[in-house]
Amino acid sequence: MSDRIALTRLAVTTPHGVLAHEKREPQRFFVDITIECDVSRAGRSDDLDHTISYADVAQDAERILTQPPVDLIEHLAEQIAASVLRHVAAEAVEVTVHKPDAPAGVDFAGFGLAGPSVSVRREQHRPVVIALGANLGHRVRSLEAAVRALRRVEGLDLFEVSGLFETAPVGGPAQPDYLNAVAVGTTRLAPWTLLDRLHEIEAGRGRTREIRWGARTLDLDLIQLGDPAAGTDLRFATEELTLPHPRAAERAFVLAPWLDADPQAQLRVGRKVLPVAQLLRSADTTGIHVGPEWRPL
Ligand SMILES: Nc1ncnc2c1ncn2[C@@H]1O[C@H](COP(=O)(O)OP(=O)(O)OP(=O)(O)O)[C@@H](O)[C@H]1O
Ligand SMILES: Nc1nc2c(c(=O)[nH]1)N=C(CO)CN2
């Protein structure tokens, strides 16, 4: 991601350090934070909710710097990086903590900021589940092309793709049977950025949207982002994007391939987190059959 939000030289005078007197006597710390995040949506909408407020980031960092004394600037840098990655839109962050007056038994000189500093770069790693479907054109070829395209998305790493399932259409007008699959992996992308990439891939396979739940050359849905068992799954309901996918829990055409890709999979359903295996046992599986062989990865 080439978009960045940077905060340069946040300055705090506070006591931290390994030496006893450093824990009593405040000294200067300077922090630089560079956040990699997609700002194109906020650039279009002019809406602060579509980006990361630099004031929130700065205040979190200042709170971390003014905590009771710690030994290491590594620890401060790590904590600040973690606080930035709690923002949904943050893809990665680089944090540098400078300690220009550090007692090191030598002189530091220079025109810029002299003395020791520590830099860390940390990336978002969110589990992601993507459902694939096709019921028009050459379905296997479309789904294979979709997996190839997903693998080329920068910031998305797929590590498992299910087998193909032949499924009767659910909802919508009369239409041909679908082939469905599910891909699981991790991503550092913000959910809206990932959804944009999915729409681009759909459009590349000639996907059009005329009738709700109508036949399509390719459908890519975001089912879940984050880990519900750890409470880190993203939850929100907007027209543009609802997570987890509101209809996934009862769709055997999603649950069956998902279980195939990840037998331990879990999905948040309301306030509960349930095994996908259990949800599939309760779902209507009529019209769901193992599909043709494929080697997507
Ligand atoms: N979790 C999600 N995954 C994909 N699209 C979503 C999601 N939540 C909301 N949407 C929005 O839904 C809109 C319609 O998507 P799409 O045409 O793929 O729906 P559909 O596949 O026909 O129906 P369904 O949403 O029931 O799977 C998209 O433009 C997208 O912005
Ligand atoms: N069998 C099947 N039915 C569907 C599917 C699908 O992928 N498979 N997708 C839908 C809208 O996303 C609606 N109905």
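Residue numbers restart at each chain and count upward from 1, following the sequence in its written direction. Following the order in which they are written, the chains are lettered starting with A and the ligands numbered starting with 1. Residues qualify for local features only when their pLDDT is at least 70, as the model is predicted, and side-chain atom pairs are given and counted only at 80 or more; totals for whole chains, interfaces and linings, by contrast, use all residues.

An unreviewed UniProt entry lists the protein chain under the name Bifunctional folate synthesis protein, with Flexivirga oryzae given as the organism. UniProt positions are given in the numbering used here, feature names are shortened, and annotations may be inferred rather than shown by experiment. Under the Function (unreviewed entry) heading, UniProt states for the protein chain: "Catalyzes the conversion of 7,8-dihydroneopterin to 6-hydroxymethyl-7,8-dihydropterin."

S.K.: Could you give me a rundown of the overall build of the protein chain, with the residues and numbers involved?
M.R.: Helix numbering and strand numbering both begin at the N terminus, where a helix is a DSSP run of H or I of at least 4 residues and a strand a DSSP run of E of at least 2. For the protein chain, the count of helices and strands is eight helices and 14 strands. Dimensions of the protein chain, computed from the C-alpha atoms along their principal axes, are close to 75 × 35 × 35 Å. Buried means a residue has 20 or more other C-beta atoms within 10 Å of its own C-beta, exposed means 12 or fewer, and partly exposed covers the counts in between; C-beta atoms are placed from the backbone. In the protein chain, buried positions account for 35% of the 297 residues. Partitioning the contacts of the protein chain with sequence separation of at least 6, the portion at a separation of at least 24 is 68%. In this description, any two residues whose backbone-derived C-beta atoms lie within 7 Å of each other are considered to be in contact.

S.K.: Account for the domain arrangement of the protein chain, naming residues and giving values.
M.R.: A common way to report how large an interface is uses the accessible area buried once the components associate. Partitioning the protein chain into domains gives domain 1 (4-123) and domain 2 (126-290). Where a domain begins and ends is set by an automatic assignment or by a domain database. The gap between the C-alpha centroids of domain 1 and domain 2 is 38 Å. In this complex, domain 1 contributes eight residues to the contact, which on the side of domain 2 involves eight residues. In this count, Pro and Cys sit with the nonpolar residues alongside Ala, Val, Leu, Ile, Met, Phe, Trp and Tyr, while Asp, Glu, Lys and Arg are called charged and the others, Gly among them, polar. For the side of domain 1 that touches domain 2, a count of residues per class yields four nonpolar, no polar and four charged.

S.K.: Residue-level account of the site of ligand 2, with values.
M.R.: Each residue receives a C-beta atom placed from its backbone. It is near a molecule or strand if this atom lies within 6 Å of it. As a structural note, the neighbourhood of ligand 2 is formed by 13 residues, with Gly133, Thr167, Val170, Tyr178 and Phe253 the closest of them. Going through the elements one at a time, β8 (178-187) and β9 (219-225) are the ones with two or more residues in the shell around ligand 2. Tallied by class, residues from the shell around ligand 2 come to six nonpolar, five polar and two charged.

S.K.: Lay out the site of ligand 1 in plain terms, naming residues and giving numbers.
M.R.: Residues in close proximity to ligand 1 include Arg209, Arg212, Trp213, Asp219, Asp221, Leu222, Glu240, Leu241, Thr242, Leu243, His245 and Arg247, which together make up its full environment. Broken down by element, the residue count for the shell around ligand 1 peaks at three residues, all from β9. Of the residues that constitute the shell around ligand 1, the class distribution is four nonpolar, two polar and six charged.

S.K.: Break down the packing of helix α3 (residues 54-65) against helix α4 (residues 73-85) for me, citing the residues and quoting the values.
M.R.: For helices, the axis comes from a line fit to the C-alpha atoms of the stretch in contact; other axes are also lines fit to C-alpha atoms, and the angle between any two N-to-C directions lies between 0 and 180 degrees. Across the interface, α3 lies against α4 with an axial gap of 10 Å and an inter-helix angle of 150 degrees. Looking at the two axes, α3 sits roughly antiparallel to α4. Both α3 and α4 take part in a crossing whose hand is right-handed. Side by side, α3 and α4 meet where Val57, Asp60, Ala61, Ile64 and Leu65 of the first sit next to Leu76, Gln79, Ile80, Ser83 and Val84 of the second. When its residues are assigned to classes, the contact of α3 with α4 shows seven nonpolar, two polar and one charged. Working rule for angles: under 35 degrees goes down as roughly parallel, over 145 as roughly antiparallel, 65 to 115 as roughly perpendicular, anything else as oblique. A clockwise turn of the near helix away from the far one marks a right-handed crossing, whereas an anticlockwise turn of less than a right angle marks a left-handed crossing.

S.K.: I'd like to hear about the nonpolar core, residue by residue, with values.
M.R.: Formed by 66 residues in total, the largest nonpolar core has its most connected members in Ile33, Ile35, Ile80, Ile130, Leu132, Val182 and Ala183. Among the elements that take part in this core, helix α7 (residues 252-261) stands out by supplying seven residues, more than any other. Both of domain 1 (4-123) and domain 2 (126-290) provide at least three residues apiece to this core. For this entry, the nonpolar core is defined as buried Ala, Val, Leu, Ile, Met, Phe, Trp, Tyr and Cys residues connected by C-beta atoms within 7 Å.

S.K.: Lay out the pairing of strand β3 (residues 92-98) in plain terms, naming residues and giving numbers.
M.R.: Across the seven residues of β3, five count as buried, placing the element largely inside the fold. Summarising the sheet, strand β2 (residues 27-36) and β3 pair through seven bridges and their orientation is antiparallel. Looking at the pairing, Ile33 lines up with Val95 of β3. The rule for pairing is simple: two strands pair if DSSP sees at least two bridges between them. Two elements, β3 and strand β4 (residues 117-123), share seven bridges in a ladder whose sense is antiparallel. Of the residues in β4, the one forming a bridge with Thr96 is Ser119.

S.K.: Tell me about unusual backbone geometry, residues and numbers included.
M.R.: Of the consecutive residues Leu243 and Pro244, the connecting peptide bond is found in the cis state with omega at -10 degrees. Mapping Pro244 onto the fold places it in the loop between β11 (242-243) and α7. We note that Arg9 has phi near 60 degrees; this positive angle belongs to a residue other than glycine. Positionally, Arg9 belongs in strand β1 (residues 4-14). On the basis of neighbour count, Arg9 is assigned to the exposed category, with 10 C-beta atoms found within 10 Å. If you check the backbone angles, Asp46 has positive phi at about 60 degrees while not being a glycine. Looking at where Asp46 falls in the secondary structure, it is placed in the loop between α2 (40-45) and α3.

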